[in-house]
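Fold and geometry: a report
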Amino acid sequence: MAHPSAPLLAALADATEDGIFFDLAGIRRGYDTLRRELPGVDIRFAMKSCPVDEVLACLASAGAGVDGASPRELEQALRAGVPVDRMHYGNTVKSDRDIADAHRLGVRDFATDSVEDLAAVAAQAPGARVFCRLAASGDGALWGLSNKFGCSPADAVRILETARESGLTPSGLSVHVGSQQMTADAWHSAVECLADVLAVLGRRGIVLDHVNLGGGLPALGYLDRHGRPLEPPLDKIFAVVREGMRHLREVHGEHLAFVMEPGRHLVADHGAIRAHVARLAERRRPDGEPRHWLYLSCGKFNGLYEMDALQYPLVFPTHPDDEHLPAVVAGPTCDSDDAYPQGHALVHVPRELASGDPVWVLASGAYALSYTTQGFNGFAPLPYTCVGGGRP
Ligand SMILES: Cc1ncc(COP(=O)(O)O)c(C=O)c1O
């Protein structure tokens, strides 16, 4: 379980209006720890998880690159100071124009998983480097990401051979084991699949220069649907990744470099939302059973998009010693999806909460701003503030 840092708590305590806060020093510390745990792995931050200039600049100054999913993201990363040779276009879904725009920006590394996409890369970004994404089951992850992306081992071989014939450089293989991956086994299976494909490629005379082990590294601060701390086996995951790298180098050669694209692992626990209570209300259901509802000023459409798969730790700073009662937590909009779904345990909240009382939503730094709507129902996106300065 991750605890919010002192600067983050101080910012939350000082806030008089709603907003989201990011602790840059905490993000930087997390990056340094990751580099220590996985020596030799180049980190390309999945900026979709937190497309905030200060966060990008902080990570770039520490040596990180960026995994971008569109020309607009890549352009933002460039503006924030990420060197172009440390970024790649990691989305396998892109139009001709997307590819041409990214190429114009100077991006030379592209993910792919189909011959159609590959042909477009060859046409719009001649001579580029391509890495092929292998499909993974997504088992063990809160969000599997399994259907939409990645190809079979046989297709990967075909695609990389076609790349070579098309004047592109077949540079790597990638895999994503699913977001908030809770098992080390997922990486073990991914490594086995990568090893098989690398062996076949080697026999066909294709020598890749890197393997991209994707995102999926878990955050530590979430609660599960039942309100219990999620406790991902992070040390075991790191050990399996280190061993996997050793094995893949054995199969394909010591020259093989490694990249990872963590998103939530780097930012989730270093961001927190200051929201407020809209209302604590009691309603009877049609069957006559009473139920309390805690409506917050933020929810699925303005900061808590991922509330259908997890719970966030909530702090009620003005009610430290109140008696509690069980309630459904919901957001402020006039939309029934904007609530913890059925199947989530009720949350114990202070009985005396009043409209306007501050609420701190911890571990909410990932996919909060990026999944926020433009202002659904007139609820504006949360303004953000960075604290911590970026040095550990
Ligand atoms: C290609 C790619 N890389 C990295 C990530 C980041 O994943 P995570 O936030 O689980 O680390 C994603 C998430 O969707 C992704 O699609």
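Residues numbered from 1 in each chain as written. Predicted model: local features only at pLDDT ≥ 70, side-chain atom pairs only at ≥ 80, totals over all residues.

**A word on the site of the ligand**
Contacts to the ligand come from 16 residues, most closely from Ala46, Ser179, Gly215, Glu261 and Gly263. Taken together, the residues that form the shell around the ligand break down as four nonpolar, nine polar and three charged. (Near = placed C-beta within 6 Å. Nonpolar A, V, L, I, M, F, W, Y, C, P; charged D, E, K, R; others polar.)

**Things to note about the packing of helix α7 (residues 153-165) against helix α8 (residues 185-203)**
With their axes 10 Å apart at the nearest point, α7 and α8 run at an angle of 40° to one another. It follows from the interaxial angle that α7 and α8 lie oblique. For the pair α7 and α8, the crossing hand works out as right-handed. Residues Pro153, Ala156, Val157 and Leu160 of α7 touch α8, and the partners they reach there are Cys193, Asp196, Val197, Val200 and Leu201. Residue classes in the contact of α7 with α8 are distributed as eight nonpolar, no polar and one charged. (Axes fitted to C-alpha atoms, helices over the stretch in contact; angles between N-to-C directions. Helix = DSSP H or I, 4+ residues; strand = E, 2+ residues; numbered from the N terminus. Parallel < 35°, antiparallel > 145°, perpendicular 65-115°, else oblique. Left-handed = near helix turned anticlockwise from the far one by under 90°. Contact = placed C-beta atoms within 7 Å.)

**Brief notes about the packing of α8 against helix α9 (residues 234-252)**
In a packed pair of helices, the relevant descriptors are the angle between the two axes and the axis-to-axis distance. Contact geometry for α8 and α9: axes closest at 10 Å, N-to-C directions at 10°. Accordingly, the angle class assigned to the pair α8 and α9 is roughly parallel. In this structure, α8 uses Trp187, His188, Val191, Leu194, Ala195, Leu198, Ala199 and Gly202 to contact α9, whose residues at the interface are Ile237, Val240, Val241, Gly244, His247, Leu248, Val251 and His252. Within the contact of α8 with α9, the residues separate by chemical class into eleven nonpolar, five polar and no charged.

**A look at the UniProt feature "domain: Orn/DAP/Arg decarboxylase 2 N-terminal" (unreviewed entry) in the protein chain**
UniProt records the feature "domain: Orn/DAP/Arg decarboxylase 2 N-terminal" (unreviewed entry) for residues 25-268 in the present numbering. Split by type, residues 25-268 is 43% helix and 18% strand. Its first and last C-alpha atoms lie 13 Å apart. (UniProt positions renumbered as here; feature names shortened; annotations may be inferred.)

**Some words on the pairing of strand β12 (residues 271-284)**
The pairing of strand β1 (residues 19-23) with β12 spans four bridges and is antiparallel. Directly across from phenylalanine 21, in β12, lies its bridge partner alanine 272. Alignment of β12 against strand β17 (residues 358-361), held across four bridges, turns out to be antiparallel. Residue alanine 275 lies in a different strand from β17, and its bridge partner there is valine 359. In sequence, β12 turns back onto strand β13 (residues 290-296) through a hairpin of five residues, with glycine 288 there showing a positive phi of about 90°. (Pairing = 2+ DSSP bridges.)

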